[in-house]
Amino acid sequence: MAPPAQNLDQDLCANDWNYSSGIRIFHFGDGQPPPLTATGFLPMPQERQLAGCVCQAARALLDVTQAWLWQNAKVSRKTINDFENGYARPKAALNLRLRRALERAGAQFVYGENVVGVIVYKAKPGSGAPSDQPAKSGAVNHN
């Protein structure tokens with residue numbers, strides 16, 4: 001006899017996982033998005049530039065600040081703020097630096113037909129699994 005589903009779910013969540021996955025997908029077009037099972041995702045090609053909303057989503061899933069990103073990507077804080085809020089689009093070289101910093105921190109960018117997004121895997125604290133979490137620094141370099 002199988003245990004009640006509620007107890008099984010509690011047991012799985014409490015003990016049996018080592019990683020969690022965070023995903024944020026942006027759908028384009030006017031129609032209702034298809035179910036995710038019908039949406040094929042591929043790794044985003046390196047030549048494809050990030051959109052500001054995807055950059056912001058990656059930061060949120062990684063739990064890093066704009067200050068962390070401008071330190072690690074070596075771009076100005078204004079560039080990141082304007083980019084994420086849709087006021088400006090950085091040149092390709094700056095966009096690539098933003099993308100690479102986020103990827104080094106564990107972001108994986110994906111795309112498909114009418115979709116673009118980001119996936120982040122995080123290790124469960126104390127699981128012994130390698131962590132993809134970026135090192136957070138309280139130090140801010142204003143130079």
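Residues take numbers from 1 onward in each chain, read along the sequence in its written order. Totals for whole chains, interfaces and linings use all residues, but because this is a predicted model, local features are given only for residues with pLDDT of at least 70 and pairs of side-chain atoms are given and counted only at 80 or more. Computation of side-chain values: all heavy atoms of the structure, hydrogens and water removed.

Draft legend 1. Just the side chain of aspartate 82, in detail. Under the DSSP-based scheme used, a helix requires at least four consecutive residues in state H or I and a strand at least two consecutive residues in state E, with every element numbered from the N terminus. Tracing the chain through its elements places aspartate 82 in helix α4 (residues 77-84). In this structure aspartate 82 comes out as buried when scored by relative accessible area, which is 18%. Every residue pair with non-hydrogen atoms within 4.5 Å of one another is taken to be in contact. Beyond its immediate chain neighbours, meaning those up to four positions away, aspartate 82 contacts Tyr87 and Ala88. Relative accessibility under 20% of the residue-type maximum defines a buried residue, over 50% an exposed one, and the middle range a partly exposed one, all with a 1.4 Å probe and only protein chains included.

Draft legend 2. Just the pairing of strand β4 (residues 115-123), in detail. Counting buried positions over the nine residues of β4 gives seven, a clear majority of the element. As paired elements, strand β1 (residues 19-27) and β4 share nine bridges and run antiparallel to each other. Following the sheet pairing, arginine 24 is matched in β4 by valine 118. Note on pairing: two strands pair once DSSP finds at least 2 bridges between them. Pairing between strand β3 (residues 107-112) and β4: six bridges, direction antiparallel.

Draft legend 3. Examining the environment of threonine 79 more closely. The residue threonine 79 is located in helix α4 in this model. Under the relative-accessibility criterion, threonine 79 is labelled partly exposed at 22%. Threonine 79 sits 11 residues away from proline 90 along the chain, and the two C-alpha atoms are 7.0 Å apart. Excluding its chain neighbours within four sequence positions, the residues that come into contact with threonine 79 are Pro90 and Leu94.

Draft legend 4. Structural context of unusual backbone geometry. The phi torsion at lysine 74 lies on the positive side, around 60 degrees, for a residue other than glycine. Note that lysine 74 resides in the loop between α3 (66-73) and α4. For asparagine 114, which is not a glycine, the phi torsion comes out positive at approximately 65 degrees. Mapped onto the fold, asparagine 114 is located in the loop between β3 and β4.

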